[in-house]
Amino acid sequence: MPLVSSSSSALDAAYAHCADLVRRQDRDRFLAALFVPESARRHLLALYAFNIDVARIREVVRDALPGEVRLAWWREVIEGQGRGAVEGHPVALALLDTMARFSLPSLALANLVDARIFDLYDDAMPSRTDLEGYAGETAGALLQMSLLVLTPDIAMTAGDIAGHGGVALAMTGLMRSFPVHARRGQCYLPLDMLERRGVGRTDAVSGQVSSGLLDTLGDMREEALGHLIRANAAFLALPEQRRLDLAAPLLPLILVPGDLKALAKVADPFRDIAGLSAFWRQVALWSAVRRIKAGGGLVRV
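Q: Is there a simple way to think about the nonpolar core in this case?
A: If you look at soluble globular proteins, the nonpolar side chains tend to sit buried side by side. Counting residues in hydrophobic clusters, the biggest one holds 108 residues, and the most contacted among them are Leu47, Phe50 and Trp74. With eleven residues, helix α8 (residues 128–150) is the largest single contributor of residues to this core. If we ignore the near neighbours within four places in the chain, the residues touching Leu47 are Leu95, Leu104, Leu109, Leu142, Met145, Ser146 and Val149.

Q: Would you mind showing me how to read helix α1 (residues 8–25) here?
A: Counting along an α-helix, one turn takes 3.6 residues, and residues three or four places apart therefore face a common direction. When the terminal C-alpha atoms of α1 are compared, their 26 Å separation across 18 residues agrees well with the 26 Å that a helix rising 1.5 Å per residue should span. Taken residue by residue, α1 has Leu11, Ala14, Tyr15, Cys18, Leu21 and Val22 as its buried positions. Angularly, the buried residues of α1 cover 120° about the axis, an arc narrow enough to put them on a single face. Packed against the buried residues of α1 are α2 (27–33), α3 (38–55) and α6 (90–102).

Q: Help me understand unusual backbone geometry, please; the structure alone is not making it clear to me.
A: With glycine set apart, most residues show a phi of negative sign, and most peptide bonds adopt trans. For Ser103, which is not glycine, the phi torsion reads 50° and is therefore positive. You can see Ser103 is positioned in the loop between α6 and α7 (106–115). Classification of Ser103 by relative accessible area gives exposed; the value is 56%.

Cut-offs used in this document
Residues numbered from 1 in each chain as written. Predicted model: local features only at pLDDT ≥ 70, side-chain atom pairs only at ≥ 80, totals over all residues. Heavy atoms only, no water. Core = buried A, V, L, I, M, F, W, Y, C linked by side-chain atoms within 4.5 Å. Buried < 20%, exposed > 50% of the residue type's maximum accessible area, 1.4 Å probe, protein only. Helix = DSSP H or I, 4+ residues; strand = E, 2+ residues; numbered from the N terminus. Contact = heavy atoms within 4.5 Å. Expected span 1.5 Å × (residues − 1). Arc of directions from axis to C-beta.

Okay, here's the thing in structure tokens:
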């Protein structure tokens, strides 16, 4: 496990940087983290900041090679072999401190980094199974690491919640980002799902709406909802007090039904980015906390 030797002021500054980054670029997770005890909150925000950093590499590099170099640097940092000191990189500094404090498995975080290599290229997602694997190693792993920070005693037995929840979150997020990805020529819609509806990979990024493409997106929404239902069932199977203990990192899941309903109303997926408004996202999060405290599930499905 990588260890960090830094002054408390340097670590405080690094964690503050992570909090600001998440507040600006991942509002859903930032708001959910506010329901976490302050002693653990900054460690969740460090995980979320790390996720932002690796997820946005495609947006800040001109071609794949520099992106691969950046991801390779992250992998080496996680494995304790990073080139040079990390004091100049506040997200890396905070992540390593969080890993050391909570004995987070470096393999899962390294796999998350490796999964992001797919983002750097325009290869099509081969199958629904491949998409679920990608989602599990990214959003699913992030959920699992968050649970390890908050509830290490039961986190490993909550695999179904993190696994299915991660797939639901990732699929929904990818559909919300469909216009952006299509303009880049990226295709996260699985080829087997496209082919079942008579759509080719080129058609899926062409900018031309077809009934087959809309049907494929409908199939994706059904897949995402199915995973959400299974995550919710696994959550409800836990004792009520344990649900309260691990609810906060799972709160973004409660936004999935609203986002899916908004996506279902989109007539042109190449131009319309759909989802709950910022106001209703915040209201939904607060409502979910009250529902969970009253013994309910993450969502009403």
